[in-house]
Amino acid sequence: SVDMFGPRRVGFIKLEAEAYLVFNGEEIPRPVPGIALLRGDSVGILVVLSCEDGKKYTVLVEQTRIPIGDVACLEMPAGMIDDENVKHAAVKEMEEEC
C-alpha cells in the first residue's frame, strides 16, 4: 500500500516480505518482521572531523531499530525531507539527532 504526503508526494510504500536475520553469513533462526517501509525523499549527513594531528573521526548516532531486533544501531544522522530544501533538512536532522 502507499501513503501519500499531500496530493502528489509519495510518503511511505509498505511491502510485505519474508525476511530472516543473517549475521557473518549464517542465518539466525529469528524471523524479522516482514514489512518494509520505503520512504520519500530523505537526507543523510556524513560528518568528518579532521583533527590537527591528522586523525579523522565521523559522527554517528545511536538509533533503536525494532524490526532487526537491535536497540543500538550506529548510523549517520539522517531523516526525511519534508517541505524544506536539502540543506534545511540536513541542518534540522543534525539539530535533532546530535
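The model shown is predicted, which means the values in this text are computed figures rather than measured ones.

**Student:** For this particular structure, what's the right way to read the pattern of salt bridges?
**Tutor:** Side chains bearing opposite charge may pair, as long as their charged atoms lie close to each other. Scanning the entire structure with this criterion turns up one salt bridge. Among the salt bridges present, the one from lysine 92 reaches aspartate 82, with a minimum N-O distance of 3.0 Å. Placement of the pair is lysine 92 in helix H1 (residues 86–97) and aspartate 82 in the loop between strand E11 (78–80) and H1, with a sequence separation of ten residues. Given the relative accessible area of 22%, lysine 92 is considered partly exposed. For aspartate 82, a relative accessible area of 39% translates into the label partly exposed.

**Student:** Got a minute to help me understand H1 in this structure?
**Tutor:** Think of an α-helix as turning once every 3.6 residues; residues three or four places apart then point the same way. Between its terminal C-alpha atoms H1 stretches 16 Å, which fits the 16 Å expected from twelve residues at 1.5 Å a residue. When we look at burial in H1, the residues that qualify are Ala89, Ala90 and Glu93. Considered in projection along H1, the buried side chains sweep an arc of 100° and stay on one side of the axis. Facing away from the buried side of H1, by more than 90 degrees, are the exposed residues Lys87, His88 and Glu95. Looking at the buried residues of H1, the elements they touch are strand E6 (42–44) and E11. Where H1 begins, the capping side chain belongs to asparagine 85, and its oxygen is found 3.1 Å from the backbone nitrogen of lysine 87.

**Student:** Just to check I follow, could you spell out a nonpolar patch on the surface for this structure?
**Tutor:** A grouping of Leu46, Val48, Leu60, Leu74 and Met76 is seen on the molecular surface, where their side chains present a nonpolar patch of about 480 Å² in accessible area. Residue position: leucine 60 is located in the loop between strand E8 (56–58) and strand E9 (61–65).

**Student:** Would you take a moment to explain the nonpolar core for this structure?
**Tutor:** A general tendency of soluble globular proteins is for nonpolar side chains to be buried together. Ranked by size, the top nonpolar core spans six residues in total: Val43, Ile45, Val47, Ile81, Ala89 and Ala90. If sequence neighbours within four positions are ignored, alanine 90 has contacts with Val43 and Ile45.

**Student:** Can you walk me through the environment of phenylalanine 12 in this structure?
**Tutor:** The residue phenylalanine 12 is located in strand E2 (residues 9–16) in this model. By relative accessible area, phenylalanine 12 is classed as partly exposed at 23%. Residues phenylalanine 12 and serine 1 lie eleven residues apart in sequence; the distance between their C-alpha atoms is 8.3 Å.

Quick notes on the rules
- Residues numbered from 1 in each chain as written.
- Predicted model: local features only at pLDDT ≥ 70, side-chain atom pairs only at ≥ 80, totals over all residues.
- Heavy atoms only, no water.
- Salt bridge = Lys/Arg side-chain N within 4 Å of Asp/Glu carboxyl O.
- Helix = DSSP H or I, 4+ residues; strand = E, 2+ residues; numbered from the N terminus.
- Buried < 20%, exposed > 50% of the residue type's maximum accessible area, 1.4 Å probe, protein only.
- Expected span 1.5 Å × (residues − 1).
- Arc of directions from axis to C-beta.
- Contact = heavy atoms within 4.5 Å.
- Polar contact = N/O pair within 3.5 Å; in protein donor to acceptor, adjacent residues only side chain to side chain.
- Patch = residues over 30% accessible without salt bridge, like charges linked within 9 Å, V, L, I, M, F, W, Y side chains within 5 Å.
- Areas by Shrake-Rupley, 256 points an atom, 1.4 Å probe, with all protein chains shown as cover.
- Core = buried A, V, L, I, M, F, W, Y, C linked by side-chain atoms within 4.5 Å.

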